[in-house]
Amino acid sequence: TYVGRPERDSPRMNAIRQLSNGLGAAGHHKDALSVQETQFSIERRLGAPEAALLNTQENLAGTYGELGRHEQALLMQRGVYSGRMKLYGEEHAN
């Protein structure tokens, strides 16, 4: 198991991502949201690159949408768009 491994452990972070993806694919969006929020918190705490944080936020926005939390999804997606504009410039907006 991954319990007890340090947060910086790559296999542990990969397992968290896979769990989140699997839960979402199976339609367990509420559970996926909990895992994604944990993933985002760990990534922020560990100083993950901005691009990785934006990807996780985009996944969170999609999950909020799946849960019917459309306003929250829209706000987060706007933040992701803005962050990518700052990070990559207008030519990479999509």
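## Quick look at the pattern of salt bridges
For step 1, the next point in the chain: Within the structure shown, the criterion is met by two salt bridges.
For step 2, the next point in the chain: For E43, the salt bridge identified is with R17, shortest N-O distance 3.9 Å. Note that E43 is positioned in helix α2 (residues 29-46) and R17 in helix α1 (residues 10-25), a separation of 26 residues in sequence.
For step 3, the next point in the chain: For E58, the salt bridge identified is with R84, shortest N-O distance 3.2 Å. One end of the pair, E58, is in helix α3 (residues 50-66); the other, R84, is in helix α4 (residues 70-88), with 26 residues separating them in the sequence.

## Re the nonpolar core
For step 1, the next point in the chain: Counting eight residues, the largest nonpolar core consists of L33, F40, L53, L60, A61, Y64, A73 and M76.
For step 2, the next point in the chain: Secondary-structure elements contributing two or more residues to this core are α2, α3 and α4.
For step 3, the next point in the chain: The element best represented in this core is α3, accounting for four residues.
For step 4, the next point in the chain: Ranked by size, the runner-up nonpolar core spans six residues in total, among them I16, L23, A32 and V35.

## Structural notes on the packing of α2 against α3
For step 1, the next point in the chain: Relative orientation of the contacting elements α2 and α3 amounts to 160°, with a least axis distance of 10 Å. Relative to α3, the element α2 lies roughly antiparallel. Along this stretch, α2 crosses α3, giving a crossing that reads as left-handed. Residue-level contacts link H29, L33, Q36, E37, Q39, F40, E43 and R44 of α2 to A52, L53, T56, Q57, N59, L60, T63, Y64 and E66 of α3.
For step 2, the next point in the chain: Residue classes in the contact of α2 with α3 are distributed as six nonpolar, seven polar and four charged.

About the thresholds
- Residues numbered from 1 in each chain as written.
- Predicted model: local features only at pLDDT ≥ 70, side-chain atom pairs only at ≥ 80, totals over all residues.
- Heavy atoms only, no water.
- Salt bridge = Lys/Arg side-chain N within 4 Å of Asp/Glu carboxyl O.
- Helix = DSSP H or I, 4+ residues; strand = E, 2+ residues; numbered from the N terminus.
- Core = buried A, V, L, I, M, F, W, Y, C linked by side-chain atoms within 4.5 Å.
- Buried < 20%, exposed > 50% of the residue type's maximum accessible area, 1.4 Å probe, protein only.
- Axes fitted to C-alpha atoms, helices over the stretch in contact; angles between N-to-C directions.
- Parallel < 35°, antiparallel > 145°, perpendicular 65-115°, else oblique.
- Left-handed = near helix turned anticlockwise from the far one by under 90°.
- Contact = heavy atoms within 4.5 Å.
- Nonpolar A, V, L, I, M, F, W, Y, C, P; charged D, E, K, R; others polar.

Any link to function would need more than the numbers given here.
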